[in-house]
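Listed below are the residues making up each chain.
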Amino acid sequence: MSDKMEFKAEVNKLLDIVINSIYSEKQIFLRELISNASDACDKLKYMALMNPDLAKASGAMKIVITPDAEHNRLKIADNGIGMNRDDLINHLGTIAKSGTADFVNNVKDNGSEVDLIGKFGVGFYSAFMVADKVEILTRKAGENEAWSWTSTGVGGFEIARAEKETNGTEITIFLKEAEKQYTDTIYLRQIVRLYSDHINYPIVLNLGEKGGEETINTGSALWAKNKAEITKEQYSEFYHHVSKNFDEPWMTLHFKAEGNIEYTGLLFVPSTQPYDLFQPDRKNGLKLYVNKVFISDKVEELLPNYLRFVKGVVDSSDLPLNISREMLQQNPMIAKIRHGIVSRILKELKKRGGDYDDYMKFWNAFGTAFKEGIYEDFENREEIAELSRFNSLNSPDKMISLDEYIAAMSKEQKAVYYITGDDVRVLANNPQLEAFKAKGIDVLLLTDPIDEFWTQVLTTYKEKPVKHISQAEEDFSIERTESAKAKDEDLKKLTDYMAEVLNGEVAKVTTTDKLTNSPVSLTVENGQMSIHLERLMRNHQQQTAFASLRVLEVNPYHPLIVRLSEIVQDDRQKAKAGEMIKILYDQALIAEGEAIKNPAFFAEKLSSYMLAAI
Ligand code: ADP
Ligand code: MG
């Protein structure tokens, strides 16, 4: 004898939506049913805390998947809590009353902890995305009667007394003609591994009399375990699994956040740089689970871009199980989790920063990407800067931190100075550094494109101004040992003539006290784009012509300048002086790492001057 019953109105509505698929991937029905089975096992486990006989009767808990290709059916069975007649009617006939949600409240009141999957009612009904009919055979733990529940997902369901030896639930899905692939064992293995690998109970594929049983999930959710119980090897294996990398993690960060939102993170920083770290189409992000149920791969919202090298999983029980990609982007909880993750990672990096050799492994692999954070992450700007390392003039063999730079500053030094370019060694020989060298003032030598950008926004660090060397306002007068200096009026005539010869190349020609070894040097006017940035932009076709106004600075103490200032007074010598001015300008360009316009002219003149000298 069976009872025909109607679904409650809202169930019909929901089924309508489900059958027309609210999920783009129908395969997630299996995830939902496995998650319910795992829930049922959790519940029985919890009940058994008070009544140990219940668990004894049921034996080791597991979830068995049995495909039947011949009849186009799929069966999912568990030996969990099971359902009685009321449960079937209340839990599968309505959505207002979600069994799991009730159970969660119950557990919360009792203050005990148990793992529960799923807080949202659509789960079970997702079976109708692939089923013509669903049949449930179930028996509740501790009760003697078993029940069957049958529905085609339209209108209502039938309940009848049935026979079942043991507690638990068997769900048989009569697959639609078009969904035959769900009896394919290779495909089933794939889906289970993808979505349910970390379910705490064995998920067994029943291959029939000949094939036997095969456990397909690798087992428990490692992140949910106690840190003390996890070996280094297990962490490392898991890292390989989530990252698809084969190196060892440089950093393993396993934590549980409590408070407003509870979540667990198991994060890794690799030890080697992936080949595509700077490719724009690279997919980043963390794996997201809700109570051990896989939700999504590579959730970019969980990590800022500058930490895109971080791998791992985040699991939160506070997010809804049916959260979609679109919802992830807007969900304020995701933003809060991301915020928490960032501060954990930064804190951990700070701890590791003291061991130079160790930290350099991280820095060499990811420093360039990490520095993007100084530009991007307004809130953590100073902290990211603190964790960054730089080449510097006074520390040629070892990168330094900004704090180390500041600690080595004299009382007179007002600012942190930097220069940008393509290559550390070329930069160290830039004529613009001569005054700094003479005074022993350190300068950061910045060679990554991103350095041009973060230096625009980090204008002070720990109350010290951060300045490009061209903006140094200090008194850079150097103790002069040179015997002669060009006479002021001669010099004026020379610089005027230089401006005439280099018209169109430089905006102006000035004299400076900051040079020692070089006769001339190129710089830009205050507030202008640096020569290096201009070059970068040119290389990226952002800009074709020079944008900034370049200034040629002249060293009045240099013997060549002294001599030139004398010969320009004589009109007959002017042509020769003009030629030399062009060569000097080429030299200044070379010192900046810039290309010279007419290399043939430069080479020819240099050879003839060399010949004249021997
Ligand atoms: P949720 O899991 O979010 O509660 P579902 O639609 O997935 O929503 O399931 C509805 C309810 O049906 C569950 O809360 C549970 O009470 C019951 N249920 C579903 N599957 C099983 C099962 N395998 N064993 C016991 N109860 C189940
Ligand atoms: Mg569910």
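J.: I'd like a description of the overall build of the chain, backed by residues and values.
T.: A tally of regular secondary structure across the chain gives 22 helices and 23 strands. At 36 Å, the chain has a C-alpha radius of gyration far larger than the 25 Å of a compact globule built from 614 residues. Taken along the three principal axes of its C-alpha coordinates, the chain extends 125 × 45 × 45 Å. Contacts in the chain between residues far apart in sequence, at least 24 positions, make up 70% of those at least 6 positions apart. Accessible surface for the chain amounts to roughly 29,800 Å². Of this, 49% is attributable to carbon and sulfur atoms. Placing the 75 positive and 94 negative side-chain charges of the chain at their respective mean positions leaves the two points 0 Å apart.

J.: Provide a residue-level description of the pairing of strand β3 (residues 73–78), including the pertinent values.
T.: As paired elements, strand β2 (residues 63–68) and β3 share six bridges and run antiparallel to each other. Following the sheet pairing, Thr66 is matched in β3 by Lys75. Connecting β2 to the next strand, β3, in antiparallel fashion are four residues, including Asn72 with a positive phi near 55°. In this structure, β3 lies alongside strand β7 (residues 168–175), joined through six bridges in antiparallel fashion. Among the inter-strand pairings, Leu74 is bridged to a residue of β7, identified as Ile173.

J.: Give a description of the side chain of Ser148 that names residues and reports values.
T.: Looking at where Ser148 falls in the secondary structure, it is placed in strand β5 (residues 146–151). For Ser148, the residues in contact, after removing those within four places along its chain, are Ile136, Glu158, Ile159, Ala160 and Ala162.

J.: Provide a residue-level description of the sheet that holds strand β8 (residues 203–206), including the pertinent values.
T.: One open sheet holds the nine strands; their spatial order is β1-β6-β5-β4-β7-β3-β2-β8-β9, and the pairing between them is mixed. Of all the strands in the sheet, the pair left with one neighbour each is β1 (2–6) and β9 (213–215). Averaged over neighbouring strand pairs, the angle between their axes works out to 20° when direction is ignored. The pairing of strand β4 (residues 131–139) with β7 spans eight bridges and is antiparallel. The partner of Arg139 across the bridge, within β7, is Gly168.

J.: Account for the packing of helix α21 (residues 574–591) against helix α22 (residues 599–613), with residues named and values stated.
T.: Two elements in contact, α21 and α22, have axes whose closest approach is 11 Å; the angle formed by their N-to-C orientations is 115°. Classified by chirality, the crossing of α22 by α21 is left-handed. Judged by residue contacts, Lys576, Glu579, Met580, Lys582, Ile583, Asp586, Gln587 and Ile590 of α21 engage Phe601, Phe602, Lys605 and Tyr609 from α22. For the contact of α21 with α22, the per-class residue count stands at six nonpolar, one polar and five charged.

J.: Lay out the sheet that holds strand β16 (residues 395–400) with the relevant residues and their values.
T.: Reading across from one edge, β16-β15-β18-β17-β20-β19 is the order of the six strands in this open sheet, with mixed pairing throughout. Strand pairing shows two members of the sheet lacking a second neighbour, β16 and β19 (460–461), which therefore form its edges. With two bridges connecting them, β19 and strand β20 (residues 464–468) associate as antiparallel partners. In the sheet register, Tyr461 faces β20, and the bridge partner there is Lys464.

J.: Pulling in residues and values, what's your account of helix α18 (residues 488–501)?
T.: Helix length check: α18 (14 residues) gives 20 Å between terminal C-alpha atoms against 20 Å at 1.5 Å per residue, within 8%. Taken as a whole, α18 has its buried residues at Asp490, Leu491, Leu494, Thr495, Tyr497 and Met498. What you see down the axis of α18 is that its buried residues fit within an arc of 160°, all on one side. Residues of α18 that are exposed and point over 90 degrees away from its buried face: Asp488, Glu489 and Glu500. Tucked inside the fold, the buried residues of α18 contact β21 (508–511), β22 (520–524), β23 (550–554), α20 (559–567) and α21.

J.: Provide a residue-level description of the side chain of Asp442, including the pertinent values.
T.: Note on placement: Asp442 falls in the loop between α16 (434–439) and β18 (444–446). Engagement of the side chain of Asp442 in a polar contact is seen with the side chain of Ser392, the distance being 2.9 Å. Leave out the neighbours within four places in its chain, and Asp442 touches Ser392, Leu393, Asn394, Ile400, Tyr405, Gln413 and Tyr417.

J.: Outline the pattern of salt bridges, listing residues and values.
T.: Per the counting criterion, the structure on display carries 31 salt bridges. Note that Glu594 and Arg535 form a salt bridge whose closest N and O atoms lie 2.6 Å from each other. Of this pair, Glu594 sits in the loop between α21 and α22 while Arg535 sits in helix α19 (residues 531–539), and the two are 59 residues apart along the sequence. On the accessibility criterion, Glu594 (6% relative accessible area) is buried. The partner of Glu594 in a salt bridge is Arg550, and the shortest N-O contact between them spans 3.1 Å. With a gap of 44 residues between them, Glu594 in the loop between α21 and α22 and Arg550 in strand β23 connect regions that are remote in the sequence. Residue Arg550 is classed as buried on the basis of its relative accessible area, which comes to 2%.

J.: Help me get a handle on the nonpolar core, residues and values and all.
T.: Grouped together as the largest cluster of nonpolar side chains are 75 residues, with contacts concentrated most on Phe309, Ile341, Ile345, Leu349, Phe362 and Phe370. Looking at this core element by element, the count peaks at eight residues for helix α11 (residues 356–370). Ignoring any residue separated from it by four or fewer positions in sequence, one finds Ile341 in contact with Phe255, Tyr263, Leu267, Leu286, Leu302, Leu303 and Val314. Counting residues in hydrophobic clusters, the runner-up holds 49 residues, among them Phe7, Ile159, Leu175 and Leu205.

J.: Can you tell me about the confidence of the model for the chain, naming the residues and giving the values?
T.: Confidence in the prediction for the chain averages 87 pLDDT; 90% of positions are at 70 or higher. Counting interchain partners and residues more than four positions distant, the pLDDT-below-50 stretch residues 96–104 has 15 contacts. In the model, residues 111–121 has pLDDT below 50 throughout and makes 30 contacts with residues more than four positions away in sequence or in other chains.

J.: Explain the packing of aromatic side chains to me, and be specific about the residues and the numbers.
T.: For the structure shown, the criterion picks out 27 aromatic pairs. Between Phe309 and Phe366 the ring centres are 4.4 Å apart and the planes differ by 20°, which places this aromatic pair in the stacked class. Placement of the pair is Phe309 in the loop between β13 (293–299) and β14 (311–316) and Phe366 in helix α11, with a sequence separation of 57 residues. Of the two residues examined, Phe309 and Phe366, each falls in the buried class. Ring centres of Phe362 and Phe370 lie 5.9 Å apart, and the angle between their planes is 75°; this geometry places the pair in the edge-to-face category.

J.: Tell me about the packing of α20 against α21, and please be specific about residues and values.
T.: Between α20 and α21, the least distance of the axes is 10 Å, while the angle of their chain directions is 150°. One way to sum up the angle between α20 and α21 is to call them roughly antiparallel. Handedness of the crossing formed by α20 with α21: left-handed. Counting all contacts with α20, which are made through Leu560, Ile561, Leu564 and Ile567, the residues of α21 involved are Ala577, Met580 and Leu584.

What counts, and at which threshold
- Residues numbered from 1 in each chain as written.
- Chains lettered and ligands numbered in written order.
- Predicted model: local features only at pLDDT ≥ 70, side-chain atom pairs only at ≥ 80, totals over all residues.
- Heavy atoms only, no water.
- Helix = DSSP H or I, 4+ residues; strand = E, 2+ residues; numbered from the N terminus.
- Rg over C-alpha atoms; globule rule 2.2 N^0.38 Å.
- Contact = heavy atoms within 4.5 Å.
- Areas by Shrake-Rupley, 256 points an atom, 1.4 Å probe, with all protein chains shown as cover.
- Lys, Arg positive; Asp, Glu negative; His and termini not counted.
- Charge placed at Lys NZ, Arg CZ, Asp CG, Glu CD.
- Pairing = 2+ DSSP bridges.
- Axes fitted to C-alpha atoms, helices over the stretch in contact; angles between N-to-C directions.
- Left-handed = near helix turned anticlockwise from the far one by under 90°.
- Nonpolar A, V, L, I, M, F, W, Y, C, P; charged D, E, K, R; others polar.
- Expected span 1.5 Å × (residues − 1).
- Buried < 20%, exposed > 50% of the residue type's maximum accessible area, 1.4 Å probe, protein only.
- Arc of directions from axis to C-beta.
- Polar contact = N/O pair within 3.5 Å; in protein donor to acceptor, adjacent residues only side chain to side chain.
- Salt bridge = Lys/Arg side-chain N within 4 Å of Asp/Glu carboxyl O.
- Core = buried A, V, L, I, M, F, W, Y, C linked by side-chain atoms within 4.5 Å.
- pLDDT = per-residue confidence, 0-100.
- Phe/Tyr/Trp six-rings, centres within 6.5 Å; stacked < 30°, edge-to-face > 60°.
- Parallel < 35°, antiparallel > 145°, perpendicular 65-115°, else oblique.

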